[in-house]
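Each chain is listed here by its residues.
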Amino acid sequence: MLWLLVSCGAATAAVTASEQQVRDLFKVMRMEQTLGQMNTQMATLMQQKLPCVPAAYWQGFVDGDGAAAVTQRMVPVFQRHFSGEEVDGLLKFYRSPLGQKVLTEMPASVAEAVQAGRQWGQERTRTMLQELQKKGSLDAQGRCPAAPEGDEAEPKPASPPVKKHHIRHKTTHHRKPAAKPRSAAPAPVRS
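Residues numbered from 1 in each chain as written. Predicted model: local features only at pLDDT ≥ 70, side-chain atom pairs only at ≥ 80, totals over all residues. Heavy atoms only, no water.

Asker: Go over the overall build of the chain with me, naming the residues and quoting the values.
Answerer: Along the backbone of the chain there are seven helices and zero strands. N-terminal to C-terminal, the α/β element order of the chain is α-α-α-α-α-α-α. Residues counted as buried form 13% of the 191 residues belonging to the chain. For the chain, the proportion of contacts with a sequence separation of at least 24, taken over those separated by at least 6, is 65%. Summing over all exposed atoms, the chain offers an accessible surface of approximately 17100 Å²; the carbon and sulfur share of this is 60%. (Helix = DSSP H or I, 4+ residues; strand = E, 2+ residues; numbered from the N terminus. Buried < 20%, exposed > 50% of the residue type's maximum accessible area, 1.4 Å probe, protein only. Contact = heavy atoms within 4.5 Å. Areas by Shrake-Rupley, 256 points an atom, 1.4 Å probe, with all protein chains shown as cover.)

Spelled out as structure tokens, the structure:
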């Protein structure tokens, strides 16, 4: 009975995707080409930020085996997150006409979606600033207005100041006894 339970449990457990299955998925998904394009884009941005670096360096950076190295590191990641059966399902999908269309159209559709989100954010920010300016919460430049003149009250801290505690350490040398306090003469009275 125990053997039957163990063998049924093993049969239902997900089988880890093989390295070859994951590599086949990467090939169908054109993963190395995508990573190569990202590498080129990154090198172009870095070249713009660091014009003192010779162009030959950046060409070597792009021509390196970066995409293959990243792909090698990605294989175990996919193996941890997808079973062999799931990778087979992904392979079936990405080999289908719809899967191929997703691979072809996804970069452009994501770029357009990002642009649409950016435009929405800019419009929303403009509307918010206009509303806050109408209410007087912000000045014409979109900043918090200065305190009115004559209002010289200093802002109070949000929380009471923290007292610093000094730690005294024992010393090994001897100290002189403290002098006795002198009695102070009474302050003259002014009339």
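Asker: Describe a nonpolar patch on the surface, and please don't skip the residues or the numbers.
Answerer: Judged by side-chain polarity, Met42, Met46 and Leu50 come together as a nonpolar surface patch covering roughly 240 Å² of accessible area. Taking relative accessible area as the criterion, Met46 reaches 36% and is therefore assigned partly exposed. (Patch = residues over 30% accessible without salt bridge, like charges linked within 9 Å, V, L, I, M, F, W, Y side chains within 5 Å. Salt bridge = Lys/Arg side-chain N within 4 Å of Asp/Glu carboxyl O.)

Asker: Account for unusual backbone geometry, with residues named and values stated.
Answerer: Even without being a glycine, Arg30 presents a positive backbone phi close to 55°. Positionally, Arg30 belongs in the loop between helix 2 (19-28) and helix 3 (31-49).

Asker: Describe the nonpolar core, with residues and values.
Answerer: One recurring pattern in soluble globular proteins is that nonpolar side chains are buried together. With 16 residues, the main nonpolar core has Leu25, Phe26, Met31 and Phe78 as its most contacted residues. For this core, the secondary structure elements donating two or more residues are helix 2, helix 3, helix 5 (66-81) and helix 6 (84-95). The contact partners of Leu25, leaving out residues within four places of it in the chain, are Phe78, Val87, Leu90, Leu91 and Tyr94. (Core = buried A, V, L, I, M, F, W, Y, C linked by side-chain atoms within 4.5 Å.)

Asker: Hey, could you go over the pattern of salt bridges for me, with residue numbers and the actual values?
Answerer: Applying the stated criterion to the full structure yields two salt bridges. One salt bridge in this structure joins Arg23 and Glu19, with 3.0 Å as the shortest N-O distance. Here the residue Arg23 and the residue Glu19 both occupy positions in helix 2, the gap between them amounting to four residues, near one helical turn. Between Asp139 and Arg143 there is a salt bridge, with the nearest N and O atoms lying 3.9 Å from each other. With a relative accessible area of 22%, Asp139 lands in the partly exposed category.

Asker: Can you tell me about the side chain of Thr71, naming the residues and giving the values?
Answerer: Positionally, Thr71 belongs in helix 5. Filtering out sequence-adjacent residues up to four positions away, Thr71 remains in contact with Arg23, Phe26, Glu32 and Leu35.

Asker: Which residues make up the packing of helix 2 against helix 6, and what values go with them?
Answerer: The N-to-C vectors of helix 2 and helix 6 enclose an angle of 20°; their axes lie 10 Å apart at closest approach. Put simply, helix 2 runs roughly parallel to helix 6. In terms of crossing hand, the pair formed by helix 2 and helix 6 is left-handed. Judged by residue contacts, Gln21, Val22, Asp24, Leu25 and Val28 of helix 2 engage Gly84, Val87, Asp88, Leu90, Leu91, Tyr94 and Arg95 from helix 6. Residue composition of the contact of helix 2 with helix 6, by class: seven nonpolar, two polar and three charged. (Axes fitted to C-alpha atoms, helices over the stretch in contact; angles between N-to-C directions. Parallel < 35°, antiparallel > 145°, perpendicular 65-115°, else oblique. Left-handed = near helix turned anticlockwise from the far one by under 90°. Nonpolar A, V, L, I, M, F, W, Y, C, P; charged D, E, K, R; others polar.)

Asker: Tell me about the confidence of the model for the chain, and name the residues and values.
Answerer: Across the chain, the average pLDDT comes to 77, with 69% of residues at or above 70. Put simply, helix 1 (residues 2-12) is where the chain has its lowest mean pLDDT, 44, and helix 6 is where it has its highest, 96. Counting contacts from residues 1-12, a segment whose pLDDT is below 50, to residues more than four positions away or on other chains yields zero contacts. For residues 150-155, every residue scores under 50 in pLDDT, and the model assigns this stretch zero contacts once sequence neighbours within four places are set aside. (pLDDT = per-residue confidence, 0-100.)

Asker: Residues and numbers for helix 6, please.
Answerer: Across its 12 residues, helix 6 extends 16 Å between first and last C-alpha, which sits within 8% of the 16 Å expected from 1.5 Å per residue. Taken together, the buried positions of helix 6 are occupied by Gly84, Val87, Leu91 and Tyr94. All buried residues of helix 6 lie within an arc of 85° about the axis, which places them on one face of the element. Turned more than 90 degrees away from the buried face of helix 6 sit Glu85 and Lys92, all of them exposed. (Expected span 1.5 Å × (residues − 1). Arc of directions from axis to C-beta.)

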